[in-house]
Amino acid sequence: MKKKSSVRKRHVVAWVNKAEWDQVLEYLYSKDPASQRYALHRMSAWKGRYANSTPVAVDCTADLVRCQVLDRSGQLEGHDLVLLYGAALMRFVNLITERQQGKVARQLRRLAGNLNIPEWIVNLRHDFTHRKLPTLKWCRKGCKVVLEWLQQEYWSRQLGGGPNDDWESQSDGEDEEVDLKHLEDKLIARQKEVEAYKNARQLLISYEREQYQACDQGPEETSSWPPPLADMSWILGEIKLFSLESCDLLIDVFLEDGFLVPTAEQLETLGCDTSDNTSPSEPRLPQTFLRFWLPLLKMLNSPSFILLLLEKLFLELKALSSEPCSHRAFYVSAWISEVLLCNSNKFEYRFETKAQKKARMKDRIFVNRIQLRWQQLLTACLDAPCVSTPHLLQLILDDMEHPLPAETQQRLLQLCSIYTQPTHCDTYPPPGQKHQPIYTLESLHEKLQRSRCHSRSAPIKSERSKSTQENKWSDAQAEKAKLLRGSPWQVCVDKVVWKNCPLGKVPGQSDDPSFLMIDSYSTMTVFDQPVEVENAMPHNVPGSSASAKSGDGLLWNHSDMSKLKSGLQLF
């Protein structure tokens, strides 16, 4: 509950002075309808001054007094008066109890009881709202009781006319109690979350301790990890139960340093040679480190766990965008790559032997293919740009159920490679791979300068090449003129746009068929054409004569000519 201050707060009120207040209060509770109307007019003026800040008690008193005035005037019938009283009483109950309704809804009867409002007034309000309308007698009685409550709880307590306790203080106390309850609930939930976090971390530390002991007591080679002991089986069972309750929290602890992201001391203890790791552009987990966590990951394996793990890994990779070449970013990317490779369904896997498949599945987190949310993974991958993003993007594009078009994939990979090309990392591309060019403002300036230098030297080279071409063209024209010497045909030296001439016509040719006829000519049949047989080669086709070549070109034999029209003329 609030502690009341010894100094009363000052408020801006709508009435002029205490005399006006006393007069309105007296007229409201008088039996004279004219006095009550005068009081209602003054209260209308107060509402105009208050605007939307009119006290709830003033509004409710005005509504109930107006009902009494209309009832005494005799202008309304009984049913109309019941509806009028009902509206005023419902507004009173709703507005007065509204301040006590906190974030959690509570019953009106309880709230009204806290304010000393009779329970039958709330029941009367329910009858108006949900049941049969009450009689006019009960409406008048309810109006009278409510006006008495307002006079006692509000009007008589203003301007020092009654006790100093405000009738709203009780509702304020209720609000404070509700807020305190919510605060306590939040503190309890936070405490449970902290305890769950400590429990998850302790379970994972216990798992690591057992694995380190098994590694020390087991064989020297870590390629075949020792089978789980009795204590390890109990720890795995506890972690499984915890994941069923708080899988989200377990994965958050998993991604902390010292677990899925190993420290340098852990790698040294496991004997992992970090120099053998692949480049950050194609991260892969050390084999020993992967086998260290395989028993736990295989036990936790489920589609929901894998989907949540991928989502958390990409969110963590996005948070590391400011340090894309860090040790943590490498291992987060490596775990994403490992999960995607476990789900891969490459074509070459279909032709492997049972022994090859068994060896490949030995170090896999899960064996059966999982239906991943490919669009969400693609978006998450593009939202977390780093050195390994092109590699991860390629794995997603290759394994999608409904792959994108090949051209779209190629463009997406090229843009991703340009955007994520390493600048501060000491990474080098494979021997057969070329660097993707990055087009920056500086490179555009250099390209512009080179083009200007080239344009300056271009005129000299063009003049030399032009003179050389002219000499070659004149020699070719002279050779053609020599070949056509003594012929009615000549080489055209005029500048003619030959593309505008139809095929088979020369510039200026008319539609007369005899336009290109020479003055003197003779005719002969095809059969009379002289034939000069040279280098006759026999054909394998029976019945065909040897083909012959002449200086004028290929010739036909008699069997071929029989298929042509006998009236063909040569000019």
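Since this is a predicted model, take the numbers as computed values, not measurements.

Caption draft 1: Local environment of the overall build of the chain. Helix and strand content of the chain: 20 helices and two strands. Counting over 571 residues, the chain shows a buried share of 33%. The long-range fraction of contacts in the chain, counting pairs at least 24 apart against all pairs at least 6 apart in sequence, stands at 67%. Counting every atom, the chain has about 38,000 Å² of accessible surface; 53% of that belongs to carbon and sulfur.

Caption draft 2: How the structure looks around the pattern of salt bridges. All told, the structure shown has 16 salt bridges when counted by the stated rule. Linking arginine 66 and aspartate 63 is a salt bridge whose minimum nitrogen-to-oxygen distance equals 3.6 Å. Taken together, the residues arginine 66 and aspartate 63, both in helix H3 (residues 56–73) and three residues apart, mark about one turn of the helix. Relative accessible area serves as the criterion here: at 33%, arginine 66 is assigned to the partly exposed category. Judged by its relative accessible area of 18%, aspartate 63 is buried. In this structure, aspartate 257 engages arginine 328 in a salt bridge whose closest nitrogen and oxygen atoms are separated by 2.6 Å. Taken together, the positions of aspartate 257 in the loop between helix H10 (247–254) and helix H11 (264–270) and arginine 328 in helix H14 (residues 327–342) put the pair 71 residues apart, joining distant regions of the chain. A relative accessible area of 48% means that aspartate 257 is categorised as partly exposed. Judged by relative accessible area, arginine 328 falls into the buried class, the value being 17%. Salt bridges linked by common partners bring Asp63, Arg66 and Arg91 together as one network.

Caption draft 3: View of the packing of aromatic side chains. Under the counting rule described, the total for this entry stands at 15 aromatic pairs. A network of ring pairs unites the aromatic residues Tyr207, Tyr212, Phe254, Phe292 and Trp293 as a single cluster. Sitting over the ring of tryptophan 120, lysine 141 keeps its end group 5.8 Å from the ring centre.

Conventions we followed
- Residues numbered from 1 in each chain as written.
- Predicted model: local features only at pLDDT ≥ 70, side-chain atom pairs only at ≥ 80, totals over all residues.
- Heavy atoms only, no water.
- Helix = DSSP H or I, 4+ residues; strand = E, 2+ residues; numbered from the N terminus.
- Buried < 20%, exposed > 50% of the residue type's maximum accessible area, 1.4 Å probe, protein only.
- Contact = heavy atoms within 4.5 Å.
- Areas by Shrake-Rupley, 256 points an atom, 1.4 Å probe, with all protein chains shown as cover.
- Salt bridge = Lys/Arg side-chain N within 4 Å of Asp/Glu carboxyl O.
- Phe/Tyr/Trp six-rings, centres within 6.5 Å; stacked < 30°, edge-to-face > 60°.
- Lys NZ or Arg CZ within 6 Å of the ring centre and 35° of its normal.

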